[in-house]
Amino acid sequence: MMRAASPFLPAPWIAAIRSNIPTWMPFWTGLVLLYVPTLLDLVRGHWRNDDQAHGPLILGLALWMMWRNWPPASSGERGSPAPGWAMVATGLLAYVAGRSQSILILEIGSAIWLLAGIIAIQRGLAVVRKLWFAFFLLCFLLPMPGSVVAMITLPMKLMVSFLTEHILYAAGYPISRNGVLLQIGYYQLLVADACAGLQTVLTLEAMGLLYMNVVRYSSPLRNIVLALCIVPISLLANVIRVVALTLVTYYIGDEAGQGFLHGFAGLVLFASALALIIGLDSALRMIAPGPRAHRVSTGSTP
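Bear in mind the structure is a predicted one, so any value in this text is a computation, not a measurement.

1. Some details on the pairing of strand β2 (residues 181-184)
Of the two faces of β2, only the one carrying Leu-182 and Ile-184 is buried; Leu-181 and Gln-183 on the other face are not. As paired elements, strand β1 (residues 175-178) and β2 share 4 bridges and run antiparallel to each other. Note that in β2 the partner of Ser-176 across the bridge is Gln-183. In this antiparallel pair of consecutive strands, β1 and β2, the connection spans 2 residues, and Gly-179 shows a positive phi of 70°. What sits between the antiparallel neighbours β2 and strand β3 (residues 187-190) is a turn of 2 residues, in which Gly-185 has the positive phi angle 60°.

Next comes the structure, spelled out in structure tokens:
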């Protein structure tokens with residue numbers, strides 16, 4: 001009796017995965033044993049902070065990009081053992097230092113080195129270079145030093161607070177501002193780091209770059225303009241989020257503004273950023289309607 005094909009994976013992929021299980025299994029088993037405790041620590045701690053909650057999203061997008069680009073990237077490539085093992089050794093040293101000394105940037109960064117090293121050993125450096133965007137997305141998981149974050153975040157919060165005040169004042173609402181503290185009606189709202197912080201902008205930057213990588217336009221003008229506009233779009237999306245939370249607090253109360261709707265405003269943030277990026281892209285389509293750079297699939301298997 002013939003076995004039914006998988007609705008999710010093409011038959012050549014399934015055959016290739018089965019044939020490569022003995023080769024890849026030791027590597028993946030080692031990665032699981034190393035990083036499951038790290039992931040559990042992140043889920044229980046670091047990723048529970050509002051300004052770091054983007055971590056699972058970035059991780060999922062990076063792994064999806066790696067999976068999406070894997071079949072064409074692995075065609076006809078040979079392994080590069082020497083540089084691959086050098087990257088693995090670097091990753092292991094970074095992991096030991098980061099895990100033992102609780103240095104999160106080293107512990108998370110070690111995974112990038114180890115993953116790149118394993119792929120280089122098995123498939124070669126050429127495949128690592130072809131998967132560069134997935135590794136680039138993983139870099140957005142690395143926490144920046146607190147001093148750098150604080151130095152950049154304060155001007156951003158002041159800008160978002162200033163724009164929120166002027167938008168709502170122009171709309172006729174009784175609002176005033178003192179630094180990053182907004183007063184609307186009987187309520188005071190503090191614009192926190194999560195509402196206008198650097199990490200939020202970095203997350204939106206990653207989403208914008210992902211959009212550009214997926215659509216793959218060949219027009220240099222469109223790519224350059226989109227890349228340059230991602231940061232102001234991220235700031236504008238943050239303004240939309242703070243305006244929405246301010247109005248929720250004004251009409252419904254402080255409990256609603258700080259409760260479920262506060263978390264829901266994060267979805268509004270990302271939806272607004274995506275809508276602004278797509279809107280800008282649609283406008284650019286009329287100015288520079290260059291064709292998309294279509295990916296050519298070789299039909300190869302991993």
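The rest of the description comes next.
2. Details of the nonpolar core
Ranked by internal contacts, the top residues of the largest apolar core, which has 40 residues, are Met-66, Leu-115, Ile-119, Leu-131, Phe-135, Leu-137 and Leu-138. Looking at this core, the elements that each hand over two or more residues are α1 (11-44), α2 (55-73), α3 (81-101), α4 (104-123), α5 (125-130), α6 (132-138), α9 (198-215) and α10 (220-252). The leading source of residues in this core is α4, at 9 residues. Of all hydrophobic cores here, the second largest spans 12 residues; its members include Val-160, Leu-189, Val-191 and Val-239.

3. A look at the pattern of salt bridges
According to the stated counting rule, one finds 3 salt bridges in the structure shown. Here Arg-177 makes a salt bridge to Glu-165, at a shortest N to O gap of 3.0 Å. Here Glu-165 lies in helix α7 (residues 146-170) and Arg-177 lies in strand β1, a separation of 12 residues in the sequence. Residues joined by salt bridges that share partners form a network here, namely Asp-41, Arg-99 and Glu-107.

Here is what the cut-offs are and how they apply
- The residue numbers shown here count from 1 along each chain, following its written sequence.
- It should be noted that, the model being predicted, local features are given only for residues of pLDDT at least 70 and side-chain atom pairs only at 80 or more, the latter also being counted only at that level, while totals for whole chains, interfaces and linings use all residues.
- In computing side-chain values, all of the structure's heavy atoms are included and hydrogens and water are not.
- Relative accessibility under 20% of the residue-type maximum defines a buried residue, over 50% an exposed one, and the middle range a partly exposed one, all with a 1.4 Å probe and only protein chains included.
- A run of H or I in DSSP becomes a helix once it reaches four residues, and a run of E becomes a strand once it reaches two; helices and strands are each numbered from the N terminus.
- A pair of strands counts as paired when DSSP detects no fewer than two bridges linking them.
- Only buried residues count toward a nonpolar core. Its members are Ala, Val, Leu, Ile, Met, Phe, Trp, Tyr and Cys residues joined through side-chain atoms within 4.5 Å.
- For this document, the term salt bridge refers to a Lys or Arg side-chain nitrogen within 4 Å of an Asp or Glu carboxyl oxygen.

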